[in-house]
Each structure stands twice: as C-alpha cells, then as structure tokens.
Amino acid sequence: MSFIPKTYEEWKHCIIVKCDILLTQTYVAERLEALNDHRHFQTQQFIDRWGEAHHAQTVVWFQQAAKELAT
C-alpha cells in the first residue's frame, strides 16, 4: 500500500528522504510548471493515479517549498 502524505512535513520527508530528491529552486519551479499544466502527460498520470484533490494539495506544497527557498 502506498503512503500518501497528509501534511507538508510528511510530503517534504517523502521527497527529500524517501525519494532522495533535493528541493532546489530549479526543481520546484519545473514541477510547479508541469503540475499547473493539465495537458502535461506526467500531470495527467498524477491526477489519474492520485486524484484531483491530492494534485491540488501537492501544488500547494510545491508553492510552500518555493516560498521557503526564496527566503
């Protein structure tokens, strides 16, 4: 069974620790661009797998990460 994060901290842990991905300004900007484009193939797959609500929440978490990186 897949773990679906419920909070920003859980999401951030999944990205950084479990997936071993650095949340850089470039990475966050690229993901936000893709996630905000509903025509993007990976975004369509994400929504099909996880649903619209989780997609919307993930966008919010990436936006929060972008704000953290900007400070």
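Look up a bit, the structure's there.
Quick caveat: nothing in here was measured; it's all calculated off a predicted structure.

Regarding the side chain of Arg 31
Then, in step 1: Within the fold, Arg 31 resides in helix 2 (residues 25-35).
Then, in step 2: Here Arg 31 is buried and forms no salt bridge, its nearest opposite-charge partner Glu 30 lying at an N-O distance of 7.5 Å.
Then, in step 3: Residue contacts for Arg 31: discarding those within four places in its chain leaves Gln 42 and Phe 62.

Quick look at unusual backbone geometry
Then, in step 1: Phi at Asp 20 is positive, roughly 55°, even though this residue is not glycine.
Then, in step 2: On the secondary structure map, Asp 20 appears in the loop between helix 1 (8-18) and helix 2.
Then, in step 3: On the basis of relative accessible area, Asp 20 is assigned to the exposed category, the value being 68%.

Considerations on helix 3 (residues 41-50)
Then, in step 1: Along helix 3, the residues that are buried comprise Thr 43, Phe 46 and Ile 47. Buried residues of helix 3, seen end-on, are gathered within an arc of 95° and therefore sit on one face of the element. Structural note: helix 3 exposes Phe 41, Asp 48 and Arg 49 on the side pointing more than 90 degrees away from its buried face.
Then, in step 2: The inward-facing, buried residues of helix 3 contact helix 2 and helix 4 (52-70).
Then, in step 3: Phi for Gly 51, located one or two positions after helix 3, is positive at around 95°.

Section: the nonpolar core
Then, in step 1: Membership of the largest hydrophobic core is limited to 11 residues, which are Tyr 8, Trp 11, Ile 15, Leu 23, Val 28, Leu 32, Leu 35, Val 59, Trp 61, Phe 62 and Ala 65.
Then, in step 2: Secondary-structure elements contributing two or more residues to this core are helix 1, helix 2 and helix 4.
Then, in step 3: A total of four residues in this core trace back to one element, the largest contributor, which is helix 4.
Then, in step 4: Non-local contacts of Val 59, meaning those with residues more than four positions away in its chain, are made with Leu 32, Leu 35 and Asn 36.

Some remarks on helix 1
Then, in step 1: For helix 1, every residue scored as buried is listed here: Tyr 8, Trp 11, Cys 14 and Ile 15. Burial along helix 1 is one-sided: seen end-on, the buried residues are contained in an arc of 130°. Structural note: helix 1 exposes Glu 9, Val 17 and Lys 18 on the side pointing more than 90 degrees away from its buried face.
Then, in step 2: Phi for Asp 20, located one or two positions after helix 1, is positive at around 55°.

Calculation criteria
Residues numbered from 1 in each chain as written. Predicted model: local features only at pLDDT ≥ 70, side-chain atom pairs only at ≥ 80, totals over all residues. Heavy atoms only, no water. Helix = DSSP H or I, 4+ residues; strand = E, 2+ residues; numbered from the N terminus. Buried < 20%, exposed > 50% of the residue type's maximum accessible area, 1.4 Å probe, protein only. Lys, Arg positive; Asp, Glu negative; His and termini not counted. Salt bridge = Lys/Arg side-chain N within 4 Å of Asp/Glu carboxyl O. Contact = heavy atoms within 4.5 Å. Arc of directions from axis to C-beta. Core = buried A, V, L, I, M, F, W, Y, C linked by side-chain atoms within 4.5 Å.

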